[in-house]
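Chains, contacts and geometry: an overview
Take a look at the letters that make up each chain.
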Protein chains: 2
Amino acid sequence: MSTNPLLKGTLQTIILKLLEDNAEMYGYEITQKVKEVTAGEIMLTEGALYPALHKLEADGMLETFTQVVDNRVRKYYRLTEEGGREVITKLEEARSFIDQLQALLNLKPAV
Amino acid sequence: MSTNPLLKGTLQTIILKLLEDNAEMYGYEITQKVKEVTAGEIMLTEGALYPALHKLEADGMLETFTQVVDNRVRKYYRLTEEGGREVITKLEEARSFIDQLQALLNLKPAV
DNA sequence: TTATATACATAACAAAATTATGTATATAGC
DNA sequence: GCTATATACATAATTTTGTTATGTATATAA
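For clarity, every value in this text was computed on a predicted model and none was experimentally measured. (Residues numbered from 1 in each chain as written. Chains lettered and ligands numbered in written order. Predicted model: local features only at pLDDT ≥ 70, side-chain atom pairs only at ≥ 80, totals over all residues.)

Comments concerning the overall build of chain A
Our working definition: Labels follow the DSSP assignment, with helices taken as runs of H or I lasting at least four residues and strands as runs of E lasting at least two, numbered in each case from the N terminus. Counts of 20 or more other C-beta atoms within 10 Å of a residue's own C-beta define buried residues, counts of 12 or fewer define exposed ones, and intermediate counts define partly exposed ones; C-beta atoms are placed from the backbone. Any residue pair is listed as a contact if its two C-beta atoms, each placed from the backbone, are within 7 Å.
Each helix and strand in chain A was counted, giving four helices and three strands. Shown N-terminal to C-terminal, the secondary structure of chain A runs as helices and strands in the order α-β-α-α-β-β-α. In chain A, which comprises 111 residues, the share counted as buried stands at 27%. Contacts spanning at least 24 positions in sequence make up 50% of the contacts within chain A whose residues lie at least 6 apart.

So, the relation of the copies chain B and chain A
Turning one copy of the chain about an axis and sliding it along that axis gives the other copy, so a rotation and a shift relate them. Basically, it comes down to this: Superposing copies: least-squares fit, C-alpha atoms only, residues required to have pLDDT of at least 70 in both.
Overlay of chain B on chain A (RMSD 0.1 Å): rotation 180°, translation along the axis 0.0 Å. The two molecules are tied by a two-fold rotation axis, judged by turn and shift. Across chain B, the smallest distance between a C-alpha and the rotation axis is recorded for K8 of chain B, namely 2.9 Å. Residue by residue, 100% of the interface of chain B is reproduced at the interface of chain A, so both copies engage with the same surface.

Digging into the sheet that holds strand β1 (residues 25-26) of chain B
Residue and element names in this part refer to chain B. Going by this rule: Only when DSSP finds a minimum of two bridges between them are two strands counted as paired.
The three strands are arranged β1-β3-β2 in an open sheet whose pairing can be described as antiparallel. The sheet terminates laterally at β1 and β2 (62-69), the two strands that pair on one side only. Bridge analysis of β2 against strand β3 (residues 72-79) gives eight bridges, and the strand direction is antiparallel. Each residue of the ladder has a partner; that of E63, found in β3, is R78.

Section: the environment of A94 of chain B
You can see A94 of chain B is positioned in helix α4 (residues 81-104). Sequence separation between A94 of chain B and M43 of chain B is 51 residues; the distance between their C-alpha atoms is 19 Å.

Remarks on the protein's contact with DNA strand D
Stated precisely, the cut-off is as follows: Proximity of a residue to a molecule or strand is defined by its backbone-placed C-beta atom lying within 6 Å of that partner. Basically, the charged four are Asp, Glu, Lys and Arg, the nonpolar ten are Ala, Val, Leu, Ile, Met, Phe, Trp, Tyr, Cys and Pro, and anything else, Gly included, counts as polar.
Taken together, the neighbourhood of DNA strand D is formed by 29 residues, with Y26, G27 and Y28 of chain A together with G47 and N71 of chain B sitting nearest. For the surface near DNA strand D, the per-class residue count stands at 12 nonpolar, nine polar and eight charged.

Here's the deal with the sheet that holds strand β1 (residues 25-26) of chain A
Residues and elements named next belong to chain A. Basically, it comes down to this: Axis angles are defined between N-to-C directions and span 0 to 180 degrees, where every axis is a line fitted to C-alpha atoms and, for a helix, only to the segment in contact.
The three strands lie next to each other as β1-β3-β2, forming an open sheet whose pairing is antiparallel. The open sheet has two edge strands with one neighbour each: β1 and β2 (62-69). Set on the sheet, helix α1 (residues 11-21) makes contact with β1 and β3 (72-79); between it and β3 the angle comes to about 90°.

Geometric values such as these leave the question of function open.
In structure tokens:
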């Protein structure tokens, strides 16, 4: 697992965005999707993911239902209406922050 | 001050990069530079900045000297040799992380 | 004389990770 | 049959790294 201090603060945004693109996902599926998209460079730890999902649910951003597949329980998450609005906000914040960070670190790709 | 959870993990990198570009800087100057470059969108809090500077110094990345200007003490920081190597690493990590994050959030600017 | 800017520092607290541990089933390899 | 690995969830202990609040002190503008 990539002990990535940079991950801090972005996990919620990542989860919300994935659920915007994929109506329903379960926890383990999210870890695999992130691993796949980032070619293994970002590996979510369970200790971070599950509490984050629980918090988003408690905050009314996600709703859940369970399903049993192969005798194993899966807990599916989907965006609530409020969660749908929150993604927009979070994505704009992330976009803006990345912009500022690139400016500070001189990482702006030459246009 | 922008209570910015996204800042987590990037403060050290920002400090090191600024000191790569400007041989010598003091704490307050760093806060002003960040504020200037980000058009006021990122405001470093003193409670985050000074401990971060002290830690980087303790870790051998920065060295200091003081100077009195207008009866006020300034504590200047500059990169050590090790600090110079560390900037390279941290910048590469940041660049890579921003890449992965943009991929996950579908924020990749169209090329 | 009062507010704001400059300049540092640290303590109390909170958020959000990592690390470690636990439970349980399915499957592939030996 | 046994063992390792993958799937699937959860939580407690700890660490990292911020915010918020507070303190000291000088210079300057209103």
